[in-house]
Structures are given as C-alpha cells and as structure tokens.
Amino acid sequence: MIWDFSMGLGFGALALIALQFAMTGRLRWITHPFGADIVYLAHRYLSWGAMALILGHFALLYVFHQPALGVLNPLEARWELTAGRVAMGCFIGLIVTSEFRKRLHLRHEWWRALHLALALAGMAAAIAHVLGVGNLTDTTAKRVLWLGVTAGFIGILIFTHILRPWWMAQNPWRVVANTAEKGGVHTLELSPAGQGLTAWKPGQFAWLKVGRSPFSLIEHPFTISTAPDKGPNITFSIKPLGDHSGELVKTAVGARAYVDGPYGAFSIDRLADATGFVMIAGGVGITPILSNLHALDARGDQRPVILLYANPTWDDVSFRDELATMQGRMNLTLIHVLDDPPDDWDGESGMIDDEKLQRHLPPASRDWPHLLCGPGPMIAAVKQALHDMGVAERHIDNEIFELV
C-alpha cells in the first residue's frame, strides 16, 4: 500500500509539473478568466505542491523500500534512477532560485534563462525516469498516455518560444516618444508597424522587449498606461526599479520593440454594472489606475470615482498634472497622500489608513468596486482597513504589483 501511495505521489508530481508549462505559457484560454497575474501566482504555489509530492515520493521509498532506490552513486546506479534524482535536483533548484532570486543577486534575465534550463532538464529527466522504471507504464496504453503528456509539453514550448516570437517578428512596434514624468517615471509611446493589439481592455498589461530579438528571453511585464479608446498607439509608464527597467527608460525614439499582450483582468470593463469606483494607488502602481481613468474620460463616463494616491513626496507624484486635468472633466475626487509633505501642504499626510479611508469614502461606496495597486505591504494594510469598514472581499480587486 505504501509502495502504491508513493508511486501515486510521483505521478501526481509529474502531472503538476506538466501543468506548470501550460500555466506559464500565456495561453489565453487559461489566463483570460482569471488574469495572467493570478495564474502566475497559482503557478508559484502549485510548484511548492509539486515539490512536496516529489519529496514525499522519495521519502517513502527511502524509509520503507530502500532497496528499490538502488545505490545513490550516479556512476553505479541504474540510469533511470539517476534520472529521477536529477529531476528532483532540478526542481529544487527551480524553487530555490525563484524564491531567493534577489538574495542571490540574480538579474532577471539570468534567472529566467536558468529557470527555463532547469525546467526543461527536470521535465526531460522526470519523463525518462518514469518510462525507464516502468511502474504503472507496463502497457502500451499507459505509455501512450505519458508520451501524450510529453508531446503536449513540447507543443507548449514550441508555441511559447518559437511560434509566438515568430508572430511578434511579423508585427513589430516603433518607439515614437520617450517622455520623462515626475517621480522618475518615463512613458514610452509605441506605434504599431504591423497589427496592433486586439481585444484590449483598460488596465491590462503586456510583455515588452525593446531593441532585442523577439526570441530573446529578456522581457518584462508593464501596464499599458493609456486606454484602448485612444489607440492604436500604446504607452508604457516605467520606473527604473532595477534590472532591465533601468535600460528601458533610456530607450531612444525610433527603437524597434515587440509586444506580447494584452493580459490581465484589472479592468473597469469587467465591472460594467458598477455605480462608482474606489481606486487606491501607491507610487508607480498608478499606471493601471491611470489606464482605467483614461477609458472613463474618453467615454465621457460620469460615474463617481474616488482616487487615493500615495507617494513619498510631492515631487514623486507622477502624472499629477494629467490627473488634475482629468478631474476637471470627470466625476473624479482626487486625494493625494504624502509620506513627507512640504511645509505648506494642507492635504493628507502619512499612510493610507483606516482613519483616512473613513473620512474620504462615503457609506454608499462600500458596494463599489475597489481597485488597488501598489507595494505589497501597503495593499495588505489597505485591504484589512477596508474589510474592517465592511467592504466585502468580492468588491476588492488588487493588481499583483511585482509579477516576476
């Protein structure tokens, strides 16, 4: 019984690992219902689950059926058993380098290349292990099943790393403007040299490559800070927070770019029945909020919007002039919250806390959608304060501030 349970853990782990390739392949039929950010978050937690199943599979055999593991020396062990240990080592490496990327000082592009290499090596070794050992694969039908899983995983890789980049190469973009905003943010405006974005909603994001091959692994997700109502040109508002973003803000006009998108579900278009909106942003987290505001403005939508926008100082407030102009056209209540305000400041200061939310959010807004985007600690505190005020969880939506 323990033997069969251990085998079940191993097969369950392999199924979960195969699923990870689908979850990270940006397949629209997976990402559209939930948003790509949520799918990537699920990928992270399911990876931990797969690792637990792998370790359980190995531990049960080590404790109760040690002879089945053979010798541990890979120079003497049977190849199929060594393949299983290689797979386990690859998947442990995947999790460690992902969870501790910043502590290990791995640049994003190095981490991504390593992540892909470990995933491919681990999956290939795992499949070789299963087919080589032969447990529960002793019939043609069972082998066809696992070869089918292998074919599906290879198909996703071909689509993700060959077919999609090829399509992007046929539809490049050109950078037509690089505008410096307040707070160190730069807005890149891109014009399509081929097919533009389709089925694009305000608040969504896309993966951006500038000055590189469409087959390059160096790309980052950024919110499309304008709205589809103002297309076909798109804008990305980027703050140099590290890795590749520091290079992107220096992009020259005329540079070639490639865009994969749109993705995400942080959009007012999914909230057509809302009678008003509460929007809360921190720092560069204003970009998806700004995109949604642009859409409301372009459509002449006069539903009430209450925006609380937190920044360290007044000089850090990106798009403050643009927001002030929009406030004159829309039914927009704008509240700036500064952590370190100037001496003559008569607005809100400190953190966005329960007291400020109580003061600026009328009782009627409790049933409005609450769209939040900003640093994790800020969003966690705001969500708790909103819950304490009686805002239901279904009325709170927050964008994942750091996707990768």
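For the structure, check the block above.
Model, not experiment: these values are computed from the prediction.

Asks: Can you help me understand the environment of proline 214 in this one?
Replies: Looking at the element boundaries, proline 214 is found in the loop between strand S3 (205-210) and strand S4 (220-223). Judged by relative accessible area, proline 214 falls into the buried class, the value being 7%. Ignoring sequence-local partners within four residues, the contact set of proline 214 consists of Pro165, Met168, Ala169, Lys209 and Tyr258.

Asks: Explain the nonpolar core here, please?
Replies: Side chains of nonpolar character tend, in soluble globular proteins, to be buried together. In this structure, Ile17, Phe21, Ile54, Phe91 and Met123 are the most contacted members of the largest nonpolar core, which totals 32 residues. Residue assignment for this core shows that the elements contributing at least two residues are helix H1 (2-23), helix H3 (36-64), helix H4 (79-99), helix H5 (108-133) and helix H6 (140-170). The element that contributes the greatest number of residues to this core is H1, accounting for nine residues.

Asks: Explain the sheet that holds strand S11 (residues 370-373) here, please?
Replies: Two pairing modes exist for strands in a sheet, parallel and antiparallel, and in both the strands are linked by backbone hydrogen bonds. Spatially, the six strands line up as an open sheet ordered S10-S9-S8-S7-S11-S12, and their pairing is parallel. Edge strands, defined here as strands with exactly one partner in the open sheet, are strand S10 (348-349) and strand S12 (396-398). Direction of pairing for strand S7 (residues 277-282) relative to S11: parallel, over a ladder of four bridges. From the neighbouring strand, valine 278 faces S11, where its bridge partner is histidine 370. Relative to the sheet, helix H8 (residues 286-298) contacts S7, strand S8 (305-311), strand S9 (332-338) and S11, its axis offset from that of S7 by approximately 145 degrees. Docked against the sheet, helix H9 (residues 320-329) engages S8 and S9, running at close to 150 degrees with respect to S9.

Asks: So what exactly am I meant to see when it comes to the packing of aromatic side chains here?
Replies: Remark: the centre distance and the inter-plane angle together describe each pair of aromatic rings, the angle taken between the planes. Per the counting criterion, the structure on display carries six aromatic pairs. Ring plane angle 85 degrees and centroid distance 5.5 Å describe the contact between tryptophan 207 and tyrosine 263, whose orientation is recorded as edge-to-face. Linking tryptophan 207 in strand S3 with tyrosine 263 in strand S6 (residues 256-263), this pair joins segments that are 56 residues apart in sequence. Judged on exposure class, the residue tryptophan 207 and its partner tyrosine 263 are both buried.

Asks: Would you explain the pairing of S11 in this entry?
Replies: Here is the key point about a regular strand: its side chains alternate between the two faces of the sheet. Where burial is concerned, the two faces of S11 agree: the one with His370 and Leu372 and the one with Leu371 and Cys373 are both buried. Direction of pairing for S11 relative to S12: parallel, over a ladder of three bridges. When the bridges of S12 are listed, histidine 370 appears paired with isoleucine 396. You can see the chain leave S11, run along helix H11 (residues 376-388) and come back into S12, and the turn it takes is right-handed.

Asks: Where do I start with the side chain of threonine 160 in this structure?
Replies: By secondary structure assignment, the location of threonine 160 is in helix H6. Threonine 160 sits in the buried class, given a relative accessible area of 13%. Residues in contact with threonine 160, not counting those within four places in the same chain, are Gly25 and Pro165.

Definitions and cut-offs
Residues numbered from 1 in each chain as written. Predicted model: local features only at pLDDT ≥ 70, side-chain atom pairs only at ≥ 80, totals over all residues. Heavy atoms only, no water. Helix = DSSP H or I, 4+ residues; strand = E, 2+ residues; numbered from the N terminus. Buried < 20%, exposed > 50% of the residue type's maximum accessible area, 1.4 Å probe, protein only. Contact = heavy atoms within 4.5 Å. Core = buried A, V, L, I, M, F, W, Y, C linked by side-chain atoms within 4.5 Å. Pairing = 2+ DSSP bridges. Axes fitted to C-alpha atoms, helices over the stretch in contact; angles between N-to-C directions. Phe/Tyr/Trp six-rings, centres within 6.5 Å; stacked < 30°, edge-to-face > 60°. Right-handed = clockwise from strand over helix to strand, strands pointing away.

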